[in-house]
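Results of the structural survey
Given next are the chains, with one letter for each unit.
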Amino acid sequence: MQKYSGFGLLKHALSHHENWQRVWRNPVPKKKYDVIIVGGGGHGLATAYYLAKVHGITNVAVLEKGYLGGGNTARNTTIVRSNYLWDESAKLYEHAMKLWEGLSQDLNYNVMFSQRGVLNLGHTLQDMRDIERRVNANRLNGIDGEVLDPQSIKEIVPMMDCSDKPRYPIMGASWQPRGGVARHDAVAWGYARAADALGVDLIQQCEVVDIIQEDGAATGVMTKTHGVISANRIGCVTAGNSGVMAAMAGFKLPLESHPLQALVSEPIKPILDTVVMSNHVHGYVSQSDKGDLVIGAGIDGYLGYGQRGGYHTIEHTVQAIVEMFPVFSRVRMNRQWGGIVDTCPDACPIISATPVENLFFNCGWGTGGFKATPGSGHVFAGTLAAGKATEMAEPFSMFRFHDGALIDEHGAAGVAH
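1. Concerning the sheet that holds strand β15 (residues 293-299)
Consider a sheet: its strands pair through backbone hydrogen bonds, and that pairing is either parallel or antiparallel. Across the sheet, eight strands lie side by side as β5-β6-β4-β13-β14-β15-β12-β16; this open sheet has mixed pairing. The sheet is open, and its two borders are formed by β5 (146-148) and β16 (333-343), each paired with just one other strand. For this sheet, the mean angle separating the axes of adjacent strands, direction not counted, is 20°. One ladder, built from four bridges, connects strand β14 (residues 283-287) with β15; its direction is antiparallel. Each residue of the ladder has a partner; that of S286, found in β15, is V294.

See the structure below:
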């Protein structure tokens with residue numbers, strides 16, 4: 001007869017219970033929540049944290065179909081900046097930037113936020129006109145920014161080819177010194193730990209398969225592992241799968257989902273201590289604290305949910321990066337991947353009520369999701385707490401596409417948007 005002790009004994013006993021998987025892996029309290037948040041990535045966890053901390057709403061459940069922070073939060077290129085053109089988006093991203101600047105202290109968790117500066121390169125006269133316009137708009141909104149000439153760029157990044165030899169010579173750049181990078185999974189775990197400490201239930205391996213509705217109002221969700229979980233309000237923060245969630249509730253969102261490509265190199269000695277982005281050749285690069293070159297590319301042209309790389313997109317981006325940085329030509333690629341981004345026609349997010357009462361969506365961030373994480377969570381928490389859009393969220397209603405009140409950031413503020 002096999003003997004058990006300690007941990008093994010408890011697991012053996014639970015294995016004979018008919019619902020042992022539910023009890024052992026994910027105990028779910030049988031109660032009605034004030035708020036259910038669908039999606040346990042950075043934005044969802046940040047929303048839960050600020051609901052508890054700022055609004056005192058701790059009867060909250062975060063439902064994640066995989067593991068916390070395992071979706072797009074684990075598949076981004078970690079860049080943080082707030083140099084957006086239009087007032088509404090600049091205000092939102094600057095709000096996020098200010099939260100980033102104190103986030104490690106607030107969460108008592110090192111998110112490795114490094115304000116090493118962000119360069120957005122210009123390669124044509126039109127690029128430079130756009131850069132000057134955007135920097136002036138940033139300054140009017142109290143956001144730091146400068147316009148640099150090639151010589152000033154060379155002083156910041158000595159190994160970059162600022163000569164007239166490349167196909168797309170560098171004519172100048174915008175420079176945001178307060179921009180930089182952060183550690184993606186540290187952000188998710190920092191928010192998760194802080195939310196958990198405030199009493200939020202974090203439920204992993206819990207896929208939502210339907211939105212429960214009564215008389216036109218959302219009352220809960222149906223899950224694969226725990227059946228129906230009820231709530232007064234539901235916030236969907238599911239990144240590239242937002243369209244799927246909206247279909248469960250019976251309406252369509254004005255967005256498309258695309259794979260977004262990125263890659264990292266083998267670790268090398270420290271050589272690049274800032275972030276370099278080029279909209280014209282569509283590539284951006286920084287160096288992580290581990291030594292990897294973190295390279296971002298564009299979205300694949302097709303719609304899809306495959307979290308894998310499109311080699312044609314990667315090839316084009318690597319070609320552009322090597323042209324700007326000939327010194328990188330012999331560095332080997334370590335791995336590449338695709339995240340899933342949902343993008344609205346005006347390249348700005350949706351933070352909004354929906355046609356279903358008590359159901360709210362936070363989505364459509366495109367490539368701007370990671371940098372917005374603290375601001376997105378803070379603003380969406382306010383919206384869920386009030387049951388209506390806050391002042392900062394109001395311009396990002398999903399109904400703006402019906403009214404024509406777009407915030408057209410597309411192509412205005414660096415790579416992708």
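2. Points about the packing of aromatic side chains
Taken as a whole and assessed by the stated rule, the structure comprises nine aromatic pairs. Geometrically, the ring pair formed by W100 and F370 is tilted, given 5.4 Å between the ring centres and 50° between the ring planes. You can see W100 sitting in helix α4 (residues 87-100) and its partner F370 sitting in the loop between β18 (359-363) and α11 (373-386), a full 270 residues away along the chain. An aromatic cluster of three or more residues is present, and its members are Y49, Y50 and Y191.

3. Section: the pattern of salt bridges
Throughout the structure, instances matching the rule amount to 12 salt bridges. Among the salt bridges present, the one from D106 reaches K53, with a minimum N-O distance of 2.5 Å. Of the two residues, D106 is situated in helix α5 (residues 103-107) and K53 in helix α3 (residues 42-55); the sequence distance between them amounts to 53 residues. Salt-bridge contacts for D289 lead to R116; the nearest nitrogen and oxygen are separated by 3.4 Å. In this pair, D289 is assigned in the loop between β14 and β15 and R116 in the loop between α5 and β4 (118-122), connecting sequence segments 173 residues apart. Relative accessible area serves as the criterion here: at 57%, D289 is assigned to the exposed category.

4. Focus: the environment of L260
Note on placement: L260 falls in strand β12 (residues 256-265). Through-space distance from the C-alpha of L260 to that of H316 is 14 Å; in sequence the pair is 56 residues apart. Contact partners of L260, with chain neighbours within four places excluded, come to A297, G298, I299, W337, G338, G339, V341 and T367.

Conventions used here
Residues numbered from 1 in each chain as written. Predicted model: local features only at pLDDT ≥ 70, side-chain atom pairs only at ≥ 80, totals over all residues. Heavy atoms only, no water. Pairing = 2+ DSSP bridges. Helix = DSSP H or I, 4+ residues; strand = E, 2+ residues; numbered from the N terminus. Axes fitted to C-alpha atoms, helices over the stretch in contact; angles between N-to-C directions. Phe/Tyr/Trp six-rings, centres within 6.5 Å; stacked < 30°, edge-to-face > 60°. Salt bridge = Lys/Arg side-chain N within 4 Å of Asp/Glu carboxyl O. Buried < 20%, exposed > 50% of the residue type's maximum accessible area, 1.4 Å probe, protein only. Contact = heavy atoms within 4.5 Å.

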